[in-house]
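Coordinates in review
Take a look at the letters that make up each chain.
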Amino acid sequence: MCSWTTTQLDNNLKADNDMPPPRLDIIIPALDEADQLPALLASLAPLRTAGAEVVLVDGGSRDATLAIAREGACHCLSAPKGRASQMNAGGEASHGEHLLFLHADTRLPPDAMALVAKALAGKRYWGRFDVRLTGRHPLLPLIGAAMNLRSRLTGIATGDQAMFMTREAFQAVGGFPAQPLMEDIEMSRRLKRLSPPACLRAKATSSGRRWERQGAWRTMLLMWRLRWRYWRGEPADKLAQEYRHVR
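If you're wondering where the values come from, they're calculated on a predicted model, not measured in any experiment. (Residues numbered from 1 in each chain as written. Predicted model: local features only at pLDDT ≥ 70, side-chain atom pairs only at ≥ 80, totals over all residues. Heavy atoms only, no water.)

Details of the overall build of the protein
Scanning the protein from N- to C-terminus turns up 11 helices and 8 strands. A separation threshold of at least 6 residues defines the contact pool for the protein, and within that pool the share at least 24 residues apart is 74%. Surface summary for the protein: the accessible area is close to 12000 Å², and the carbon and sulfur share equals 55%. (Helix = DSSP H or I, 4+ residues; strand = E, 2+ residues; numbered from the N terminus. Contact = heavy atoms within 4.5 Å. Areas by Shrake-Rupley, 256 points an atom, 1.4 Å probe, with all protein chains shown as cover.)

Quick look at the nonpolar core
By size, the foremost hydrophobic cluster in this structure holds 30 residues, and its most contacted members are I26, I28, L44, L100, L102, L108 and F129. Those elements giving two or more residues to this core turn out to be strand 1 (24-30), helix 2 (37-49), strand 2 (53-58), helix 3 (65-71), helix 5 (112-119) and strand 8 (198-207). The biggest single contributor to this core is helix 2, with 5 residues. With 23 residues, the next largest nonpolar core counts V55, A89, A157 and A172 among its residues. (Core = buried A, V, L, I, M, F, W, Y, C linked by side-chain atoms within 4.5 Å. Buried < 20%, exposed > 50% of the residue type's maximum accessible area, 1.4 Å probe, protein only.)

A closer look at the environment of E183
Note that E183 resides in helix 8 (residues 183-192). Separated by 100 residues in the primary sequence, E183 and R83 place their C-alpha atoms 8.0 Å from one another.

Observations concerning empty space enclosed by the protein
Scanning the model with the defined rule gives 1 cavity of 30 Å³ or more in all. Taken together, M87, F101, L102, H103, G159, M163, F176, E183 and D184 make up the full set of residues lining the largest cavity. A breakdown of the residues in the lining of the largest cavity according to their chemical character gives 5 nonpolar, 2 polar and 2 charged. (1 Å grid on protein atoms, 1.4 Å probe; cavity = no way out; pocket = protein on both sides within 12 Å on 5 of 7 lines; lining within 4 Å. Points joined across faces, edges and corners; volume = space filled by probe spheres on them. Nonpolar A, V, L, I, M, F, W, Y, C, P; charged D, E, K, R; others polar.)

Remarks on a nonpolar patch on the surface
Nonpolar side chains collect at one region of the surface, where W217, L221 and W224 lie side by side and expose about 380 Å² of accessible area between them. Relative to the assigned elements, W217 resides in helix 10 (residues 216-231). (Patch = residues over 30% accessible without salt bridge, like charges linked within 9 Å, V, L, I, M, F, W, Y side chains within 5 Å. Salt bridge = Lys/Arg side-chain N within 4 Å of Asp/Glu carboxyl O.)

Let's talk about helix 6 (residues 140-154)
Taking 1.5 Å as the rise per residue, helix 6 with 15 residues should run 21 Å; its terminal C-alpha atoms sit 21 Å apart, in good agreement. Listed as buried for helix 6 are L140, I143, G144, M147, N148 and S151. Axial view of helix 6: buried residues confined to an arc of 135 degrees, hence all on one face. Along helix 6, the residues that are exposed and aim more than 90 degrees away from the buried face are P141, L142, L149 and L153. (Expected span 1.5 Å × (residues − 1). Arc of directions from axis to C-beta.)

Some points on helix 2
Taking 1.5 Å of rise per residue, 13 residues should cover 18 Å, and helix 2 covers 18 Å from first to last C-alpha, within 8% of that figure. The largest bend along helix 2 measures about 35 degrees and falls at S43, with the proline P46 one to four residues further on. Within helix 2, burial applies to L37, L40, L41, L44 and L47. Elements in contact with the buried residues of helix 2: strand 1, strand 2, helix 3, strand 5 (106-107) and helix 5. Taken from the residues just after helix 2, G51 is the one with a positive phi, measuring 120 degrees. (Bend = angle between axes of the 7 residues up to and from the residue.)

Some thoughts on the pattern of salt bridges
Taken as a whole and assessed by the stated rule, the structure comprises 7 salt bridges. For R128, the salt bridge goes to D130, with nearest N and O atoms at 2.8 Å. In terms of burial, R128 and D130 fall into one category: buried. Between E186 and R189 there is a salt bridge, with the nearest N and O atoms lying 3.5 Å from each other. You can see E186 and its partner R189 sitting in helix 8, 3 residues apart, about one turn around the helix. Taking relative accessible area as the criterion, E186 reaches 14% and is therefore assigned buried. By relative accessible area, which is 31% here, R189 ends up partly exposed.

What follows is the structure, given as structure tokens:
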């Protein structure tokens, strides 16, 4: 178990006040995302120019995901399939002081690096962006707004909201939990022991393909039911059997 405390994190923060701005590492867990990667890497190019490193962690893709990532000059890794496993591998292999975990179908706002640096410059050790869902379904704006409101009220972030944190916070909580579902919820719970999240109103834009593919109402009801059961203590392994299309 890691023995970091919030006091230690505060001391580190004070020691770094006179240092250059922290480097941001953007970690992308990917599986068969060749269709999404060109647009994603293009959107991240300005951040890379500003000093961010992009780390793609592949979970066993059968398409051209790795080839496209290498052509885009990403730092590429492989890890066992599963977002938690892949994100932990990326976090451990990266070197930046700030870590941001980004889904392949999510786009950051242009000033993401500055926003993250400002959010983590005080006594907050982690945070997330608001999310805007794109797609044709008329319910997607409402779903995104509900996600943002729920997150703001509960302090729980979802992967679609581009979670970010200091490296010390990532290490303090032992990384993402080794579970196939609800890893973002459990990670939020762990990080809340260090500080409340920085809830940024700047929006990350994420694809609504999950809701369009499976049906908006059906997906919402399923997620509400799974979250309720997880809150009641059912193991994530069992719940994941009902939501296999997420992974």
